Amino acid sequence: MADTALTAPPRSPLAQSAGRLAAATRTSGGAVRLAELPFLTQLNVRLDAKGTAAEAVGLALDLQLPFQPNTVVRAGELTVLWLGPDEWLLVGPPGSEWELESRIRTAAGDEHVSVTDVSAQRTTLLVAGPRAHDLLAHGCALDLHPRSFGSGRCAQTTLGRTQVIVVARAESRAGFWVLVRSSFAGYLTDWLLDAATEYV
C-alpha cells in the first residue's frame, strides 16, 4: 500500500510574496513594515458569555475573555478577539490548535461550547511602522489613529474591498495585524504593495 502521508512542508498563502513584502519594507526607509505571519493558530470559540463556561475557559487560558465589543485581551502568546456577544477568535502560536482546543473543551465541561479550528481559513499580515495607519487609511473607513483605535482594539471591516479583521497591536509603534481569508490574501497583498509606493 502506498504511503499517503504528506511529505512537503506546509506552504503559506503568501509564500511567493515574502520577497516583495520585504522589498517594500526596505524601500520605504522604515515608514512601513509589511510581512506575513504565517500559520498562526486561530480557533473560533462560541459559548454563552453569561454562563459558567466563559469564566472557566478564561481561567484555563490564563486570561479573561473580552466582553466589550471590538476589544482584545492578550496574555503571553495568546490573543483573544471579541467578534460578537457569544463569539471570540483565539489566536495562538503555530501548531497549538489541538492543545488549546482541549483546554477549552475540558474547562467548559458539560456547558455548551463550540470550538472550530479556522487556522487554514485566514492568514495574518503585519502592517507596522510610523505610517502604518496612513497606509491602511487608503482603503479602510475606520479611524485607525492610536487615539481612536489603540492597543486593545479590533474590528471586522473592509480593506481595499476585502473583508478583514484589523487588530491594533500591544504598542502603537508595533502597528496592526490584518487577518484576511487565504483566498483573498494575494489580492490584498498586491493592494497594500501598491498603496505603499507612496512611501518609497
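Heads up: the structure comes first, above all this text.
The structure contained in this document is the topic of the report that follows.

**Overview of the sheet that holds strand β8 (residues 154–159)**
Argument step 1. Taking strand neighbours across the sheet as the criterion, the five strands line up as β1-β7-β10-β9-β8 in an open arrangement whose pairing is antiparallel. The sheet is open, and its two borders are formed by β1 (33–37) and β8, each paired with just one other strand. Neighbouring strand axes in the sheet, compared pairwise and without regard to direction, differ in orientation by 30° on average.
Argument step 2. Here six bridges tie strand β7 (residues 122–128) to strand β10 (residues 176–181), and the two strands are oriented antiparallel to one another. Among the inter-strand pairings, threonine 123 is bridged to a residue of β10, identified as valine 180.

**Observations concerning the pattern of salt bridges**
Side chains bearing opposite charge may pair, as long as their charged atoms lie close to each other.
Argument step 1. For the structure on display, the rule yields six salt bridges.
Argument step 2. Across the pair aspartate 86 and arginine 46 runs a salt bridge, and its minimum N-O distance is 2.7 Å. In this pair, aspartate 86 sits in the loop between β4 (78–84) and β5 (87–92) while arginine 46 sits in strand β2 (residues 41–47), placing the two residues 40 residues apart along the sequence.
Argument step 3. The class for aspartate 86 is partly exposed, based on a relative accessible area of 31%.
Argument step 4. Residue classification places arginine 46 among the partly exposed positions, given a relative accessible area of 36%.
Argument step 5. Connected via shared salt-bridge partners are Arg46, Asp86 and Glu87.

**Regarding the layout of surface pockets**
One simple way to see leftover space: roll a probe sized like a water molecule over the atoms.
Argument step 1. As a volume, the largest pocket reaches approximately 220 Å³.
Argument step 2. For the largest pocket, the lining is made up of 19 residues, of which Pro13, Phe39, Ser119, Ala120 and Arg122 are closest to its centre.
Argument step 3. When contributions to the lining of the largest pocket are tallied by element, the ones reaching two or more residues are β1, β2 and β7.
Argument step 4. Here the residues of the lining of the largest pocket are counted per class, giving seven nonpolar, eight polar and four charged.

**Notes on helix α1 (residues 18–27)**
Argument step 1. Among the residues of α1, those classed as buried are Leu21, Ala24 and Thr25. End-on view of α1: buried residues confined to an arc of 100°, all on one side of the axis. When the buried face of α1 is taken as reference, the exposed residues oriented beyond 90 degrees from it are Gly19 and Arg26.
Argument step 2. The inward-facing, buried residues of α1 abut β1, β7 and α5 (182–196).
Argument step 3. Note on α1: the residue one or two positions beyond its end, glycine 29, has a positive phi of about 65°.

**Regarding the packing of aromatic side chains**
Argument step 1. Within this structure, the stated rule accounts for two aromatic pairs.
Argument step 2. Between phenylalanine 67 and tryptophan 88, the aromatic rings sit 6.1 Å apart at their centres with planes inclined by 85°, giving edge-to-face as the arrangement. With a gap of 21 residues between them, phenylalanine 67 in the loop between α2 (52–61) and β3 (72–75) and tryptophan 88 in strand β5 connect regions that are remote in the sequence.
Argument step 3. Overall, the relative accessible area of 1% leaves tryptophan 88 in the buried class.
Argument step 4. Measuring from ring centre to ring centre gives 6.3 Å for phenylalanine 149 and phenylalanine 176, while their planes differ by 35°; the resulting arrangement is tilted. Placement of phenylalanine 149 in the loop between α4 (132–137) and β8 and of phenylalanine 176 in strand β10 is noted, with a sequence separation of 27 residues between them.
Argument step 5. Relative accessible area serves as the criterion here: at 6%, phenylalanine 149 is assigned to the buried category.
Argument step 6. The class for phenylalanine 176 is buried, based on a relative accessible area of 6%.

Cut-off values and rules
- Residues numbered from 1 in each chain as written.
- Predicted model: local features only at pLDDT ≥ 70, side-chain atom pairs only at ≥ 80, totals over all residues.
- Heavy atoms only, no water.
- Pairing = 2+ DSSP bridges.
- Helix = DSSP H or I, 4+ residues; strand = E, 2+ residues; numbered from the N terminus.
- Axes fitted to C-alpha atoms, helices over the stretch in contact; angles between N-to-C directions.
- Salt bridge = Lys/Arg side-chain N within 4 Å of Asp/Glu carboxyl O.
- Buried < 20%, exposed > 50% of the residue type's maximum accessible area, 1.4 Å probe, protein only.
- 1 Å grid on protein atoms, 1.4 Å probe; cavity = no way out; pocket = protein on both sides within 12 Å on 5 of 7 lines; lining within 4 Å.
- Points joined across faces, edges and corners; volume = space filled by probe spheres on them.
- Nonpolar A, V, L, I, M, F, W, Y, C, P; charged D, E, K, R; others polar.
- Arc of directions from axis to C-beta.
- Contact = heavy atoms within 4.5 Å.
- Phe/Tyr/Trp six-rings, centres within 6.5 Å; stacked < 30°, edge-to-face > 60°.

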